[in-house]
Amino acid sequence: MLDAIPVIAIDGPSASGKGTVAQFVAERLGFHYLDSGALYRIVAWATHKKNIDWSNATAVAECAKTLVIRFSNNQVFLNNQDVTADIRTEKMGKGASEVAVHAPLRAALHDLQHSFHKFPGLVADGRDMGTVVFPNAQLKIFLTASAEVRAKRRYDQLVGKNESANYEKILLDLQERDARDKSRTSAPLIMADDAILLEADNLTIPQEIDLILKKYQGKMCK
Ligand code: C5P
């Protein structure tokens with residue numbers, strides 16, 4: 001029974017730290033990890049390479065069906081090519097949020113996301129993990145922080161990687177991405193009714209991880 005294999009769904013807006021937190025939680029529990037945002041980024045990158053317009057719902061979804069995607073040791077492979085760095089750019093973040101509005105693409109990625117749901121468990125992060133993809137998840141977290149705190153985190157990350165960064169531009173891009181993710185009709189970014197809200201403005205990453213692990217243990221001991 002798949003429902004017996006636990007899922008922890010961690011959703012929230014861009015740069016809320018979900019990815020880092022989800023990866024650590026998965027590691028601590030020995031669970032599999034799904035970075036669903038990477039899938040939308042890969043589709044943005046692959047369609048861009050093929051000159052497919054991000055607004056073309058049918059062509060984007062058809063292209064996605066042909067992609068062979070593999071995750072291995074924090075690296076992402078598309079058709080056996082390492083695209084880890086290519087998909088992490090700001091441009092592909094924006095592209096991901098543009099292709100992600102298309103219902104046919106979201107449907108095309110459904111089975112791939114479910115293929116990560118394996119014993120002994122899964123930690124999945126994204127925008128619709130708890131609402132659409134894994135509605136029966138044992139624990140749902142909605143991790144958020146103010147746009148300013150998230151923009152500062154993104155800015156520090158880029159500076160840390162010696163990349164050029166402009167705080168004001170990052171903040172504007174984040175706000176634009178939040179607005180698109182929240183207002184789309186297909187699987188918009190909303191908190192599931194049964195999710196726990198975690199506001200990360202005044203929390204460190206280790207504190208967030210501890211809180212999630214405690215909530216999970218609490219649920220499993222009931
Ligand atoms: O999480 P990340 O920033 O990598 O996601 C990139 C974009 O992919 C998001 O802005 C969002 O539009 C889209 N996405 C989505 N559903 C998910 C994960 C990501 O629509 N489950």
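Our subject in this report is the structure included herewith.

Procedures and definitions
- Residues numbered from 1 in each chain as written.
- Predicted model: local features only at pLDDT ≥ 70, side-chain atom pairs only at ≥ 80, totals over all residues.
- Heavy atoms only, no water.
- Helix = DSSP H or I, 4+ residues; strand = E, 2+ residues; numbered from the N terminus.
- Expected span 1.5 Å × (residues − 1).
- Buried < 20%, exposed > 50% of the residue type's maximum accessible area, 1.4 Å probe, protein only.
- Arc of directions from axis to C-beta.
- Contact = heavy atoms within 4.5 Å.
- Polar contact = N/O pair within 3.5 Å; in protein donor to acceptor, adjacent residues only side chain to side chain.
- Near = heavy atom within 4 Å.

## Some details on helix 10 (residues 167-183)
Now for step 1: For helix 10, with 17 residues, the first-to-last C-alpha span of 24 Å sits near the 24 Å given by 1.5 Å per residue.
Now for step 2: Listing the buried residues of helix 10 in full gives Ile 170, Leu 171, Leu 174, Arg 177, Asp 178 and Asp 181. Within helix 10, the buried residues cover an arc of 130 degrees as seen down the axis, which keeps them to one side. Those residues of helix 10 that are exposed and angled more than 90 degrees off the buried face are Glu 168, Leu 172 and Ser 183.
Now for step 3: Tucked into the core, helix 10 has its buried residues touching helix 2 (36-49), helix 5 (90-99) and helix 9 (147-160).
Now for step 4: Capping the start of helix 10 is the job of one residue whose side-chain oxygen sits 3.0 Å from the backbone nitrogen of Glu 168: Asn 166.

## Topic: the site of the ligand
Now for step 1: Taken together, 17 residues are adjacent to the ligand, and Arg 41, Arg 106, Asp 128, Asp 181 and Arg 184 come closest.
Now for step 2: Note that an oxygen atom of the ligand is positioned 2.8 Å from one of the side-chain N or O atoms of Arg 106.
Now for step 3: Arg 127 places a polar side-chain atom, nitrogen or oxygen, 3.0 Å from an oxygen atom of the ligand.
Now for step 4: Put simply, the parts of the chain that give the shell around the ligand at least two residues each are helix 2, helix 5 and helix 10.
Now for step 5: No other element matches helix 2, which puts 4 residues into the shell around the ligand.

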